Amino acid sequence: MAEVYIALGSNLGDRAANLRQAVRRIAAHLTVESVSSVYETEPVGLKAQPSFLNAVLRGVTTRAPRDVLDRLVEIEQMMGRERTVPLGPRTIDLDLLHYGGVHVDEAGLSLPHPRMSGRRFVLVPLAEIAPALRPDPGGPTVSELLTAVPPGEGVERIDLADWPPV
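All values reported here derive from a predicted model rather than from experimental measurement.

Q: Describe empty space enclosed by the protein, naming the residues involved and giving the relevant values.
A: What the rule picks out here adds up to 1 cavity of 30 Å³ or more. Empty space within the largest cavity amounts to approximately 40 Å³. If you trace the largest cavity, you find it lined by Ile 26, His 29, Leu 30, Arg 63, Val 68, Arg 71, Leu 72 and Ile 75. For the lining of the largest cavity, the element with the most residues is helix α2 (residues 65-78), which contributes 4 residues. By residue class, the composition of the lining of the largest cavity is 5 nonpolar, 1 polar and 2 charged.

Spelled out as structure tokens, the structure:
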């Protein structure tokens, strides 16, 4: 069994419903052990778009990293994700952040996720459920990474009814 962390984000349609649906769909492919609170966040990169709702879940799986990623992409497609504008609006965005401490660098899959250490919208919910996680063995913890990221993008915890959905 490998411990995995997956980031979830949505800024189109019913954002909360999109996150709930994504968690339920992910739970069909791995065991969800915990889910962070939901955070409303400012967009990064392309600023002219709606704000996001973001969360992170922790699960365990026997699936290989590529298989987990393939299931996440499949869920995104089933939920109407269109990849037309880089960093643009999306119904759902699912990123495999961490897989059992392994390092992978192959076409379309890099683990740990190469940009998570500089993204408050990922680190804040991840620190809520795994503050002592070390994405790189021997490297800083998630809490330490978070303190190193300068404040800038807004990340505000919000309360959602029926959260988490599993």
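Q: So what's going on with the side chain of Ser 34? Which residues, and what values?
A: Tracing the chain through its elements places Ser 34 in strand β2 (residues 31-35). Among residues more than four places away in sequence, those in contact with Ser 34 are Val 56, Leu 57, Arg 58 and Ile 129.

Q: Lay out helix α1 (residues 15-27) with the relevant residues and their values.
A: Given a rise of 1.5 Å per residue, 13 residues ought to cover 18 Å, and the 19 Å separating the end C-alpha atoms of α1 matches this to within 8%. Among the residues of α1, Ala 16, Asn 18, Leu 19, Arg 20, Ala 22, Val 23 and Ile 26 are the ones counted as buried. Packing partners of the buried residues in α1 comprise β1 (2-10), β2, β3 (38-41), β4 (52-61), α2 and β5 (93-99).

Analysis parameters
- The written sequence of each chain sets the order in which its residues are numbered from 1.
- Only residues with pLDDT of at least 70 are given local features in this predicted model, and only at 80 or more are side-chain atom pairs given and counted; all residues enter the totals for whole chains, interfaces and linings.
- Side-chain measures were taken over the full set of non-hydrogen atoms in the model, leaving aside hydrogen atoms and water.
- Cavity: a set of points on a 1 Å grid over the protein atoms alone where a 1.4 Å probe fits but cannot get out. Pocket: an open set with protein on both sides within 12 Å along at least five of seven lines, its lining residues, like those of a cavity, having an atom within 4 Å of a point.
- Grid points are joined across faces, edges and corners, and a volume is the space filled by probe spheres set on the points.
- Put simply, DSSP marks the helices as runs of H or I at least four residues long and the strands as runs of E at least two long, and each gets a number from the N terminus on.
- Each residue gets one label: Ala, Val, Leu, Ile, Met, Phe, Trp, Tyr, Cys and Pro are nonpolar, Asp, Glu, Lys and Arg are charged, and the others, such as Gly, are polar.
- The contact definition used throughout considers only heavy atoms, calling two residues in contact when any of these lie within 4.5 Å.
- Given a helix with a known number of residues, its expected span is that number minus one, times 1.5 Å.
- Here the term buried applies to any residue with accessible area under 20% of the maximum for its type, exposed to any over 50%, and partly exposed to those in between, with areas from a 1.4 Å probe on protein chains only.

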